[in-house]
Amino acid sequence: MQKLAIQGGRPLRGEVRISGAKNAALPIMCASLLTADTLHLTNLPDLHDVGTMRKLLQQMGVTVETAAGEITFKGDKIDKWEAPYDMVKTMRAAILVLGPLVARFGDAKVSLPGGCAIGSRPVDLHIKGLQAMGAEIAIEHGYIHAKAKRLKGARIFFDIVSVTGTENLMMAAVLADGVTVLENAAREPEVIDLANCLRSMGAKISGDGTDNITIIGVESLRGATHHIMPDRIESGTFLVAAAATGGSITLRETRADILETVLEKLTEAGAKIVVDGDTIHLEMNGRPKSVNVRTAPHPAFPTDMQAQFMALNCIADGSAMVVETIFENRFMHVQELRRLGAQIDVEGNTSVVRGVAKLEGATVMATDLRASACLVIAGLVAEGETVIDRIYHLDRGYEHIESKLGQLGASIRRVK
Ligand code: EPZ
């Protein structure tokens, strides 16, 4: 089991390049199932989940050629319309092969994702949407079996906003017979990036980025080349780390328009932020001020940044409320932060964080991807050494995080 050892107390300074977005790359890789042509993706992040998705597509028969940050897919020899449990259990996003498989081949067998640390995360909305489009669905032995001669356009209302639910059904609809309207759809920037890629393949999609998306089915899709958008959560994580350590950093190859609520909260905490094209510069002089945070679907404050802001509030001046409205169990970082000396009370989906002057290094355990990022930030500010165990969670979503933080002056090393 690998660990990260961090010597805290050093402000982050310097420049870092932001990688392609994990949560855009994963659905867009599944779009390779929708065409027999070549889909060429660039700016792919070097992440464990991207590797898992590549292997899943390969074992279905997609031919794959990889280069640094690039993958070329060709879906002309797909002969297995299945996502087995052993792959889905390590990466829930594998559910995103369901829509494309039913759309192109009329048949799919995808393992139900198991539970997850941050919540039960059902996929009932994905299934309901496919049924509305005419798919016959059976759930047997932990697998979703979906069959359809040809999916039909339908009007689908999401009673809960679901990011991958929206993405799965958008991909199902692009080859359906007729028009599909997704109502109460997710508005996340990664949904727009998927729609941009699908449009470049010949799909007819409008309204992405709003809560009402219309897809007019076409007979087939062609290949394309697509550059994955920057990762807004990696961007936000580095900015929070710089704010927490009283540093001064510049992010390159990112975008500010996809991070508005995060930038607003950092400004409220006292950071000075300058945006210039695809760079964001943040300067934090002195101790951050506490900021209240309430997560909700985009464009509101992202749940994937909740744990990072909790770490910032732990050492901020004042008290703050952190409310998690998306997942039912996304406070597992609280126990670990308490081990570093944080003062946090939790009541249901609300945490109250009372800022303390300093945290003290300790051994802590990562429980999920963003909780790991929170503990890295806490370790960067804690006095002495913090050792974070189970950092395989971190490697799923952050490309080469210790070398990027090392470039910014952090004292951080991976230990066996
Ligand atoms: C996506 O997960 C992201 N993952 C998550 O990022 C992110 O936290 C989440 O959206 C919310 O923004 C990817 O894009 C690969 P949801 P997703 O469906 O799509 C409930 C990270 O750290 N729901 O938007 O699985 C669900 O339980 C990960 O990178 C249903 O009830 O999340 C949750 O409470 C973590 N039924 C809420 O909706 C369904 O069929 C939002 O979930 C689907 C979802």
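Scroll up to find the structure this text is about.
To keep things clear, this report deals only with the structure shown in the data block. These numbers were taken from a predicted model, which means no experiment stands behind them. (Residues numbered from 1 in each chain as written. Predicted model: local features only at pLDDT ≥ 70, side-chain atom pairs only at ≥ 80, totals over all residues. Heavy atoms only, no water.)

**Quick word on the side chain of Ser19**
With respect to the helices and strands, Ser19 occurs in the loop between β2 (13-17) and α1 (22-30). A polar side-chain atom of Ser19 sits 2.7 Å from a polar atom in the side chain of Lys404. Other than its neighbours up to four places away in sequence, Ser19 contacts Asn43, Pro45, Met229, Pro230, Asp231, Glu234, Glu399 and Lys404. (Helix = DSSP H or I, 4+ residues; strand = E, 2+ residues; numbered from the N terminus. Polar contact = N/O pair within 3.5 Å; in protein donor to acceptor, adjacent residues only side chain to side chain. Contact = heavy atoms within 4.5 Å.)

**Description of the packing of helix α5 (residues 124-132) against helix α6 (residues 163-173)**
When two helices pack together, their arrangement is given by the angle between their axes and by how far apart the axes lie. Packing of α5 against α6 leaves a shortest axis separation of 9 Å and a crossing angle of 25 degrees. The orientation of α5 with respect to α6, classified from their angle, is roughly parallel. Judged by the twist between their axes, the crossing of α5 over α6 is right-handed. Along its contact with α5, which presents Leu125, His126, Gly129 and Leu130, the element α6 presents Thr164, Gly165, Asn168, Leu169 and Ala172. In terms of residue class, the contact of α5 with α6 is made up of four nonpolar, five polar and no charged. (Axes fitted to C-alpha atoms, helices over the stretch in contact; angles between N-to-C directions. Parallel < 35°, antiparallel > 145°, perpendicular 65-115°, else oblique. Left-handed = near helix turned anticlockwise from the far one by under 90°. Nonpolar A, V, L, I, M, F, W, Y, C, P; charged D, E, K, R; others polar.)

**Concerning the packing of aromatic side chains**
Any two aromatic rings considered together are summarised by their centre-to-centre distance and by the angle between their planes. Inspection of the entire model under this criterion finds two aromatic pairs. Ring geometry for Trp81 and Phe105: centres 5.1 Å apart, planes at 15 degrees, overall stacked. Of this pair, Trp81 sits in the loop between β5 (70-74) and β6 (82-83) while Phe105 sits in helix α4 (residues 98-105); the two residues are 24 residues apart in sequence, bridging distant segments of the chain. You can call Trp81 partly exposed: its relative accessible area is 32%. Among the residues examined, Phe105 registers a relative accessible area of 22% and is labelled partly exposed. (Phe/Tyr/Trp six-rings, centres within 6.5 Å; stacked < 30°, edge-to-face > 60°. Buried < 20%, exposed > 50% of the residue type's maximum accessible area, 1.4 Å probe, protein only.)

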